[in-house]
Amino acid sequence: AQTVTQSQPEMSVQEAETVTLSCTYDTSENNYYLFWYKQPPSRQMILVIRQEAYKQQNATENRFSVNFQKAAKSFSLKISDSQLGDTAMYFCAFEVSTLTFGKGTMLLVSP
Amino acid sequence: DVKVTQSSRYLVKRTGEKVFLECVQDMDHENMFWYRQDPGLGLRLIYFSYDVKMKEKGDIPEGYSVSREKKERFSLILESASTNQTSMYLCASRPTFRGRLYEQYFGPGTRLTVT
């Protein structure tokens, strides 16, 4: 069975700072996909970034980037130049056939 | 934009009632999913469907059933609601894998309270 661990239940950062959310996973599969989803307060879950395990290059989407370490089974999310609108619950997720989510990290961005 | 809608944002039901949660997507996606979200537990997969009239059990199917009579609609049914089914229910959809794995698109959620 696949498991996803997010070790930081809550994090705080000030606007314009950089923050890194950690995620580790456990699997015996070689081909899989990793995702970070964001759920703002009272709003819908949306995709932040995706990484295919067969790609060595780390994915980036504007201010969001990942550090994918396949051997270590680690998939951290870096948010640069944090904005108030980044305040949300962030879920790391892993997929072979169905998505397995971590328990989430609540990120609070303050002025 | 993909739109996934759920029939209710908030729902209060009594123990033992039969409860229907409806989900509709407007992008002709083959795959649809039902999750429940609980604090400290993340999202857990209840049921999913790869196509019309097809259904597969997820990680926590006990106490739930589903129906998919039309491609755009996926219903979650609580046959006899219990207090431990009080939760946030999220529906999601996505296209079938065609050389790439698409992300899932989520609805706004239904917060169900069973008293």
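For the structure itself, consult the block above.
So, here's what we can say about the structure. Just so it is clear, the model here is predicted, and its values are computed rather than measured. (Residues numbered from 1 in each chain as written. Chains lettered and ligands numbered in written order. Predicted model: local features only at pLDDT ≥ 70, side-chain atom pairs only at ≥ 80, totals over all residues. Heavy atoms only, no water.)

## Here's the deal with the packing of aromatic side chains
All names here are of chain A. Selection criterion: Two rings from Phe, Tyr or Trp (for Trp, the six-membered ring) form a pair when their centres sit within 6.5 Å of each other. Planes less than 30 degrees apart are called stacked, planes more than 60 degrees apart edge-to-face, and all others tilted. Counting from the N terminus, the helices are DSSP H or I runs at least four residues long and the strands are E runs at least two residues long. Buried means the residue's accessible area, taken with a 1.4 Å probe over protein chains only, is under 20% of the maximum for its type, while exposed means over 50%, and partly exposed covers the values in between.
The full count for this structure, using the stated rule, is 16 aromatic pairs over all chains. On the basis of an interplanar angle of 35° and a centroid distance of 5.0 Å, the ring pair of Y32 and F94 is categorised as tilted. Of this pair, Y32 sits in the loop between β4 (24-26) and β5 (33-39) while F94 sits in strand β10 (residues 88-95), and the two are 62 residues apart along the sequence. When sorted by exposure, Y32 lands in the same class as F94, which is buried.

## Re the interface of chain B and chain A
What counts here: When checking whether two residues touch, look at their non-hydrogen atoms; a contact exists if any pair is within 4.5 Å. In short, buried area is how much 1.4 Å probe accessible area vanishes from two parts on joining, totalled over both. Just to be clear on terms, a salt bridge is a Lys or Arg side-chain nitrogen sitting within 4 Å of an Asp or Glu carboxyl oxygen. Any pair of N or O atoms that falls within 3.5 Å is considered a polar contact. Within protein, one atom must be able to donate a hydrogen and the other to accept it, and sequence-neighbouring residues count only if both atoms are side-chain atoms. For this classification, Asp, Glu, Lys and Arg are treated as charged, while Ala, Val, Leu, Ile, Met, Phe, Trp, Tyr, Cys and Pro are nonpolar and the rest, including Gly, are polar.
The partner chain A presents 17 residues to the 22 residues of chain B that form the contact. For chain B, the biggest contributors to the area lost against chain A are L43(B), L101(B) and F106(B); these three give 33% of the whole. Our count for the contact surface shared by chain B and chain A stands at two salt bridges. Summed over the shared surface of chain B and chain A, the number is five residue pairs in polar contact (both at pLDDT 80 or more). Ranked by residues supplied to the side of chain B that touches chain A, first place goes to strand β5 (residues 42-49) of chain B with four residues. For the side of chain B that touches chain A, the per-class residue count stands at 13 nonpolar, five polar and four charged.

## Some points on the state of the cysteines
All names here are of chain B. Heads up, the condition is: Only a pair of cysteine sulfur atoms within 2.5 Å qualifies as a disulfide here.
All chains considered together, the criterion is met by two disulfides over all chains. Note that C23 is cross-linked by a disulfide to C91, the S-S spacing being 1.8 Å. In this structure, the disulfide formed by C23 and C91 twists by about -75° around the S-S bond and is classed as left-handed. Highlighted residues: C23 in strand β3 (residues 19-25) and C91 in strand β9 (residues 87-94), separated in sequence by 68 residues. For the pair C23 and C91, one class covers both residues: buried.

## A few points about the pattern of salt bridges
Residues and elements named next belong to chain B. Applying the stated criterion across every chain yields a total of eleven salt bridges over all chains. Measuring nitrogen to oxygen at the nearest pair gives 2.9 Å for the salt bridge that ties D38 to R44. You can call R44 partly exposed: its relative accessible area is 26%. Ionic contacts of the salt-bridge type, sharing partners, join the residues R36, D38 and R44 into one network.

## Quick notes on the sheet that holds strand β8 (residues 73-78) of chain B
All names here are of chain B. To be explicit about the condition: DSSP calls a pair of strands paired once it identifies at least 2 bridges connecting them. Lines are fitted to the C-alpha atoms to define the axes, a helix being fitted only along its stretch in contact, and any angle between axes, read from their N-to-C directions, falls within 0 to 180 degrees.
Strand order in the open sheet formed by four strands is β1-β3-β8-β7, with antiparallel pairing between adjacent strands. In this open sheet, the two edge strands, each paired with only one partner strand, are β1 (4-6) and β7 (64-70). Taken over all neighbouring pairs, the strand axes of this sheet differ in orientation by 20° on average, direction set aside. The pairing of β7 with β8 spans five bridges and is classified as antiparallel. Each residue of the ladder has a partner; that of K70, found in β8, is R73.

## Observations concerning the nonpolar core
Cut-off, in case you're wondering: The nonpolar core is taken to be a set of buried Ala, Val, Leu, Ile, Met, Phe, Trp, Tyr and Cys residues, with the residues joined through side-chain atoms within 4.5 Å.
Y25(A), W36(A), F75(A), L77(A), Y90(A) and L107(A) are the most contacted members of the largest nonpolar core, which has 26 residues in total. Residue assignment for this core shows that the elements contributing at least two residues are β2 (10-14), β3 (19-21), β5, β6 (46-52), β8 (64-69), β9 (74-79), β10 and β12 (105-110) of chain A. Looking at which element gives the most residues to this core, the answer is β10(A), with four residues. Discounting chain neighbours no more than four positions away, the residues touching L77(A) are V19(A), T20(A), L21(A), W36(A), V48(A), I49(A), F64(A), S65(A), V66(A) and Y90(A). Counting 20 residues, the second largest nonpolar core, distinct from the first, contains L21(B), C23(B), A81(B) and C91(B).

## Digging into the environment of V4(B)
Considering the arrangement of structural elements, one finds V4(B) in strand β1. Assessed through its relative accessible area of 4%, V4(B) is described here as buried. Separated by 94 residues in the primary sequence, V4(B) and R98(B) have C-alpha atoms spaced 21 Å apart. Look past the residues within four positions of V4(B) in its chain and what remains in contact with it is Q44(A), C23(B), V24(B), Q25(B), C91(B), S93(B), Y105(B), F106(B), G107(B) and P108(B).

## Regarding unusual backbone geometry
All names here are of chain A. Unlike most non-glycine residues, S42 shows phi in positive territory, near 60°. Examined against the element boundaries, S42 turns out to sit in the loop between β5 and β6. For N62, which is not glycine, the phi dihedral falls at a positive 55°. With respect to the element layout, N62 can be found in the loop between β7 (60-61) and β8.

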